[in-house]
Amino acid sequence: MADTNAGAAPPLAEHPGAAGPDRDVDLAPHRDLDASLESGVWPWLVGLVLLGLSLSPMLRPLGYDSFPFSSFPMFAHGRKDAVTNVHRAVAVLPDGTPVALPPRALGSDEVLQADVILRHAIRGGKKASAKLCRAVARRVADDPALSTAVAVELVTERHDAIAWFAGERTPLSPPKRRARCKLPK
């Protein structure tokens, strides 16, 4: 009779802690860990840690700022009030009603770029403001939606920013005209 175990590895020697056919191994701790992972504990734990990190700037001193969890003090501190200057380009209708112009009238489709163009011209003085006003007037004259406009004005208005976002659009003082030009015919 041939040996059926020929060429097979010798059996492992049992040591006192090894599991064998007559020894039960307690896998309960591993099952509990697997069950907790499967039940969604980790997503909740990660979510709570991220929430804590997001709220942590509230526990720091007011002037403290740190990347990536910032309290944004550059926006929240250092202003005595919420009053700000707003520069606008408006088309003036025959009855004197101002109509806010879109960014493209200032030479850009981007709101922030149009604002920079306007601010730069106003800060440049009367000549720069008049030059921009004439360029805007040419664009407005070519716009069929503004065919009834008679002039363009560049103005600066003072607003309370908090009141503005609460719906109060009336300036704190009359607008200061920086430039006015008639539309070309």
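One can find the structure itself at the top, above this paragraph.
Now for a description of the structure that goes with this document. Computed from a predicted structure; not experimentally measured.

1. Comments concerning the pattern of salt bridges
- Tallying each qualifying case throughout the model produces five salt bridges.
- Note that arginine 177 is salt-bridged to glutamate 153, the shortest N-O span being 3.2 Å. Remark: glutamate 153 occurs in strand β3 (residues 151–160) and arginine 177 occurs in strand β4 (residues 176–182); sequence separation between them is 24 residues.
- On the basis of relative accessible area, arginine 177 is assigned to the exposed category, the value being 51%.
- You can call glutamate 153 buried: its relative accessible area is 11%.
- Each of Glu153, Arg177 and Arg180 takes part in one network of salt bridges that share partners.

2. Side note on the sheet that holds β3
- Read across the open sheet, the four strands follow the order β2-β1-β3-β4; overall the sheet is antiparallel. The open sheet has two edge strands, β2 (98–100) and β4, and neither has a second partner. Taking each pair of neighbouring strands and ignoring which way they run, the sheet shows an average axis angle of 35 degrees.
- In this structure, strand β1 (residues 83–92) lies alongside β2, joined through three bridges in antiparallel fashion. Each residue of the ladder has a partner; that of valine 92, found in β2, is proline 98.
- Running over the sheet, helix α4 (residues 111–123) touches β1, β3 and β4 and is turned about 100 degrees from β1.
- Strand contacts of helix α5 (residues 126–141): β1, β3 and β4, with the helix running at about 50 degrees to β4, the strand carrying the most contacts.

Rules used throughout
- Residues numbered from 1 in each chain as written.
- Predicted model: local features only at pLDDT ≥ 70, side-chain atom pairs only at ≥ 80, totals over all residues.
- Heavy atoms only, no water.
- Salt bridge = Lys/Arg side-chain N within 4 Å of Asp/Glu carboxyl O.
- Helix = DSSP H or I, 4+ residues; strand = E, 2+ residues; numbered from the N terminus.
- Buried < 20%, exposed > 50% of the residue type's maximum accessible area, 1.4 Å probe, protein only.
- Pairing = 2+ DSSP bridges.
- Axes fitted to C-alpha atoms, helices over the stretch in contact; angles between N-to-C directions.
- Contact = heavy atoms within 4.5 Å.

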